[in-house]
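Chain by chain, the residues:
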Amino acid sequence: MPYEKINAFLECYFSTLEITDEDEKNTIREAIIKRYNKYNDSFPYISEKEDPFKNYVIKSKNGYYSLEDFLLNRLFQSIRYIDKDEEESCYTEKSRSIKIALTAIDEKARVILKDWDDDQIKEFFIKLTLKTVLDHEIGHALKTQFGGGYKIREDSSKRFIDILYSEITKILGEEKGQEAIAKLDFSKMLTDDERFKRLLNNLKEQAGNYSTAIISEDELIDDYSYSNGSGIKKDYYLQDDYITLIDELLQETESMEMIDLYKIPQSKMIIGNKGNYINVYFLLSDYKFMHGYGKILESLLGNKDTFQATYLNPCEVLERFDREYKDISFEVFANTSSPITNIGETLATLKNNKDESSFLLLDLFFAKCYKKMIMKRINENSNLDIDSIINEIESFQIRLTTNDNEEIKNNLPHNIVFNELKEILFQLRESKEIK
């Protein structure tokens, strides 16, 4: 089982990078193990051709990485420190750092939850939000691909010294501050690259049977690394701004699944004058307006293609998606743009003005795509789990635009499509039961 190996490697990683916060350690550990559990059946191995970076801590075997080794390699390469005192939360490739806007998140949460009477529940949600934000940024880090050497371009030790200098000069003044800094001995402070080498050596000493799989210092490429992009923002999609929201949608969907506490709606977002609304599953998220589309997009892609598109090369997956649903995109959006473009641009519209007609267009597009996918499987005589598909459809209907009035809800365009598909599935199930 890989869990013993994952935990052993992580303990060495935590101690070497001096990560001592138990919440951070638990979130990182869960991030690796739960992603392994999610993707292992559909993507157990990753080839060197799919990720040719030469400076990973754990070496490939016969040209392949096991999924657990791949995830650990991405973690060790991508995250050198976590800073919880920032103005915004983000992953920064240049410094291999995660920044969490601890104060801003806490303040925003308390404003949104100000009417909640139960302080214990309020504190729970604030802590849950911090955990979800951290997992979200870990996800971006794990999905970032690098090329070149092992060295990073922005070292955290220099940043620490700059912050220290700034704080000391605030207290002592410029001249005395410079004198105080000059007297300090930074010779024992490790750079991030030196700490990375120490991780290699520590793992060789502590990893037991796994130690022979660890790369040696002399095997590292002595050069600076560079980023090839993160998530689906790679290759020719890298410069397309609209793709950012789709990438964030997939990341937020994955992170909410990793946390596993977002199955019950927390609030409603009214989007029209007829009582139409969106169920909100993560009240404190900036992306709460679009969460409903994450699950259905993942379903259309499938687990294997979702991993391929977000962790490796998205081009083939997204091109295939565009070919498969080009006709529906043209029918629903009445333009010749690709389906991926229409999804991204509609999400951008929703981010800016929460327009009801845009919600309904995107709802209809996804419903028609899902019906096409299921009908294709039925026509191919696939061994379908009909009850599972019906349950999935009903989960989509809760997550997309809905209404408490049953008649209005059933006459929403996407629900007409979903209900037609459910009726086909009911009949198919009945015919199988008769046989």
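Scroll up to find the structure this text is about.
Residues numbered from 1 in each chain as written. Predicted model: local features only at pLDDT ≥ 70, side-chain atom pairs only at ≥ 80, totals over all residues. Heavy atoms only, no water.

**Digging into the environment of V417**
For V417, the position within the fold is in helix α18 (residues 413-434). Sequence spacing of V417 and G229 is 188 residues, and the spatial spacing of their C-alpha atoms is 37 Å. (Helix = DSSP H or I, 4+ residues; strand = E, 2+ residues; numbered from the N terminus.)

**A few points about the sheet that holds strand β7 (residues 225-230)**
The strand order across the open sheet built from 3 strands is β6-β7-β8, with neighbouring strands paired in antiparallel fashion. A single partner strand is all that each edge strand has here, and the edge strands are β6 (144-148) and β8 (233-234). (Pairing = 2+ DSSP bridges.)

**Concerning the side chain of N403**
Examined against the element boundaries, N403 turns out to sit in the loop between α16 (386-399) and α17 (406-410). For N403, the side chain forms a polar contact with the main-chain oxygen of G275, separated by 3.4 Å. Beyond its immediate stretch of four places on either side in the chain, N403 contacts K274, G275, N276, Y277, I408 and K409. (Polar contact = N/O pair within 3.5 Å; in protein donor to acceptor, adjacent residues only side chain to side chain. Contact = heavy atoms within 4.5 Å.)

**Points about the pairing of β6**
Of all 5 residues in β6, 4 are buried; the element is thus mostly enclosed. With 5 bridges joining them, β6 and β7 adopt antiparallel strand pairing. Bridging from a neighbouring strand, T144 pairs with S230 of β7. (Buried < 20%, exposed > 50% of the residue type's maximum accessible area, 1.4 Å probe, protein only.)

**Some remarks on the pattern of salt bridges**
Here the structure, examined in full by the defined rule, presents 30 salt bridges. Among the salt bridges present, the one from K372 reaches D327, with a minimum N-O distance of 3.3 Å. Taken as a pair, K372 in helix α15 (residues 356-379) and D327 in helix α13 (residues 326-333) lie far apart in primary sequence, 45 residues in all. In this structure K372 comes out as partly exposed when scored by relative accessible area, which is 28%. According to the relative accessible area criterion, D327 is partly exposed, its value standing at 43%. Here E394 ties to K422 by a salt bridge, and the two come within 3.7 Å at their closest N and O atoms. With E394 in helix α16 and K422 in helix α18, this residue pair connects regions lying 28 residues apart in the sequence. (Salt bridge = Lys/Arg side-chain N within 4 Å of Asp/Glu carboxyl O.)

The quantities given are spatial measurements derived from coordinates; they are silent on function.
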